[in-house]
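Read off the chains here:
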Amino acid sequence: MRIGLAGVGRIGAFHAETLRDLSDVDEVVVADLDADAARAVADKLEVGYAASPAELLASGVDGFVIATATPGHAPLIRLGLEAGVPTFCEKPVAATLDETLTLAQLVRTTSTPVHVGFQRRFDRGYQRAQQAVAAGELGFLHSIRAQTHDQSPPHAAYIPTSGGLFRDCSIHDFDIIRFVTGREVASVYATGANKGAQFFSEAGDVDTAAAVLTLDDGTLVNLSATRYNGAGHDVRMEVLGSEGTIGVGYDDSLAVTSAEPGATYPSGPRHWSFMERFLPAYRAELTAFAAVARGALASPCTVDDALQAFRVAEACELSRRENRPVSLTEIPGL
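What you see is a predicted model; the values in this text were computed from it and never measured. (Residues numbered from 1 in each chain as written. Predicted model: local features only at pLDDT ≥ 70, side-chain atom pairs only at ≥ 80, totals over all residues. Heavy atoms only, no water.)

**A few points about the overall build of the protein chain**
For the protein chain, the count of helices and strands is 11 helices and 13 strands. A compact globule built from 334 residues would reach a C-alpha radius of gyration of about 20 Å, and the protein chain, at 20 Å, matches this within 12%. If you line up the protein chain on its principal axes, its C-alpha atoms span 60 × 50 × 45 Å. Within the protein chain, the proportion of its 334 residues that are buried is 52%. A total accessible area of about 14,400 Å² is found for the protein chain, and carbon and sulfur atoms account for 51% of it. For the protein chain, the distance from the average position of its 27 positive side-chain charges to the average position of its 42 negative side-chain charges is 3 Å. (Helix = DSSP H or I, 4+ residues; strand = E, 2+ residues; numbered from the N terminus. Rg over C-alpha atoms; globule rule 2.2 N^0.38 Å. Buried < 20%, exposed > 50% of the residue type's maximum accessible area, 1.4 Å probe, protein only. Areas by Shrake-Rupley, 256 points an atom, 1.4 Å probe, with all protein chains shown as cover. Lys, Arg positive; Asp, Glu negative; His and termini not counted. Charge placed at Lys NZ, Arg CZ, Asp CG, Glu CD.)

See the structure below:
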């Protein structure tokens, strides 16, 4: 199988290396707007090179992986669909809700699969939580706590194009809440604050946020996100039910120091980035995409899934700006 990849930044170069090492993949070909960067990655990894994504697709590939900056996602998905090539795209599939809606409508008219890169669906902890909920092990769910706390903020130039903390960061929580519970978000009430670098405020963004989500069965979700968690990269979920509670992210890497006398848990080492935290999940999702590309698996995370997570992010941002609860019925959908 021959896989093409567009975008050779940090996550793109990692994906290229992962794909190269998969037993089902015979050849990887990379392309980037920065031709020199693409050639450097191709030479380093000893993989193929194409001058552009269009040339890459025209050369004949069995799968297409998109790991460019967000503005390139929707146009490249369209290229992949026009070529009839199974496509993997990092989240988000588009920069705006309107563009996401248009893309979701387009994908519904084609049989070519698109797999969206919400890697937490391939994390074993979240998968175990989903299995526990589906099997009824926890009884009825009443509460969920979810958090994504980055150890340090991205560079200033990234923030104005990121879409904001809810769309860029918490969107992973919105997707995994749907995945674990099998429910949809009915309403949100969100807030945010800035206590760090000025560039967040200058971009109209926040560096810390919180939200209460109500699911369509009445389950309550308390969610938090921050760019400043000096203790380490901290991503967790607790699912609380009438018969039990299960927690994701509670191992020795937990970025918390216990205040209890004599406590030695967690013993470390801690994770300092999302790449460390989700390294096995990234590998697992690309293994799954290889199966999608060869027709052995349906897309495990569709553009419709990405749309629903984006709608929740839009609702949270609207709630934060207007300081009021927002029903998901206010946010356009399909």
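Don't stop here, the text continues.
**Focus on the UniProt feature "domain: Gfo/Idh/MocA-like oxidoreductase N-terminal" (unreviewed entry) in the protein chain**
In the numbering used here, UniProt assigns the feature "domain: Gfo/Idh/MocA-like oxidoreductase N-terminal" (unreviewed entry) to residues 1-118. In residues 1-118, helix accounts for 42% and strand for 20%; the two terminal C-alpha atoms are 23 Å from one another. (UniProt positions renumbered as here; feature names shortened; annotations may be inferred.)

**Structural notes on the packing of helix α4 (residues 73-82) against helix α5 (residues 97-107)**
Packing of α4 against α5 brings their axes to within 11 Å, and their N-to-C directions diverge by 10 degrees. For the element pair α4 / α5, the angle class is roughly parallel. Here α4 contributes Ala74, Ile77, Arg78 and Leu81 to the contact with α5, which in turn contributes Glu99, Thr102, Leu103, Leu106 and Val107. (Axes fitted to C-alpha atoms, helices over the stretch in contact; angles between N-to-C directions. Parallel < 35°, antiparallel > 145°, perpendicular 65-115°, else oblique. Contact = heavy atoms within 4.5 Å.)

**Observations concerning the sheet that holds strand β7 (residues 141-149)**
Within the open sheet, the seven strands sit side by side as β12-β11-β7-β10-β9-β8-β13. Their pairing is mixed. On the outer flanks of this sheet lie β12 (245-248) and β13 (326-327), each paired with one strand and no other. Pairing geometry for β7 and strand β11 (residues 234-241), over eight bridges, is antiparallel. When the bridges of β11 are listed, Leu141 appears paired with Gly241. (Pairing = 2+ DSSP bridges.)

**Looking at the packing of helix α1 (residues 10-20) against helix α10 (residues 279-293)**
The contact between α1 and α10 brings their axes to 10 Å, and the two run at 60 degrees. One finds that α1 runs oblique with respect to α10. As for the relative orientation of α1 and α10, their crossing is right-handed in sense. Residue-level contacts link Ile11, Phe14, His15, Thr18 and Leu19 of α1 to Leu279, Tyr282, Arg283, Glu285 and Leu286 of α10. (Left-handed = near helix turned anticlockwise from the far one by under 90°.)

**Quick look at the layout of surface pockets**
Here the largest pocket is characterised by a volume of approximately 1,400 Å³. Around the largest pocket, the lining is made up of 50 residues, and of these Ile11, Lys91, Tyr158, Asp168 and Phe274 lie nearest the centre. Broken down by element, the residue count for the lining of the largest pocket peaks at four residues, all from helix α7 (residues 165-181). For the lining of the largest pocket, a count of residues per class yields 23 nonpolar, 18 polar and nine charged. Space inside the second largest pocket adds up to approximately 210 Å³. Every residue lining the second largest pocket is counted, 18 residues in all, and those nearest its centre are Gly249, Tyr250, Asp251, Ser253 and Arg277. A per-class count over the lining of the second largest pocket returns seven nonpolar, six polar and five charged. (1 Å grid on protein atoms, 1.4 Å probe; cavity = no way out; pocket = protein on both sides within 12 Å on 5 of 7 lines; lining within 4 Å. Points joined across faces, edges and corners; volume = space filled by probe spheres on them. Nonpolar A, V, L, I, M, F, W, Y, C, P; charged D, E, K, R; others polar.)

**Describing the UniProt feature "domain: GFO/IDH/MocA-like oxidoreductase" (unreviewed entry) in the protein chain**
The residues that UniProt annotates with the feature "domain: GFO/IDH/MocA-like oxidoreductase" (unreviewed entry) are residues 126-246. For residues 126-246, helix accounts for 26% and strand for 36%, while the C-alpha atoms at its two ends are 10 Å apart.

**Looking at the pattern of salt bridges**
Under the definition given, this model contains 23 salt bridges. In this structure, the salt-bridge partner of Arg120 is Asp173, at a minimum N-O distance of 3.0 Å. With Arg120 in the loop between β6 (114-117) and α6 (124-134) and Asp173 in helix α7, this pair connects stretches of sequence that are 53 residues apart. For Glu317, the salt bridge identified is with Arg321, shortest N-O distance 4.0 Å. Placement of both Glu317 and Arg321 in helix α11 (residues 303-322) is noted, with a separation of four residues, approximately one turn of the helix. On the basis of relative accessibility, which here comes to 53%, the residue Arg321 falls in the exposed class. (Salt bridge = Lys/Arg side-chain N within 4 Å of Asp/Glu carboxyl O.)

**Details of the packing of aromatic side chains**
Any pair of aromatic rings gets described here by the distance separating the centres and the angle formed by the planes. Overall, the coordinates contain five aromatic pairs when judged by the stated rule. Centre to centre, the rings of Phe14 and Tyr282 are 5.9 Å apart; their planes meet at 75 degrees, and the pair counts as edge-to-face. Of this pair, Phe14 sits in helix α1 while Tyr282 sits in helix α10, placing them 268 residues apart in sequence. Like Phe14, the residue Tyr282 is buried in the burial classification. Through successive ring pairs, a cluster of aromatic residues spans Phe14, Phe274 and Tyr282. (Phe/Tyr/Trp six-rings, centres within 6.5 Å; stacked < 30°, edge-to-face > 60°.)

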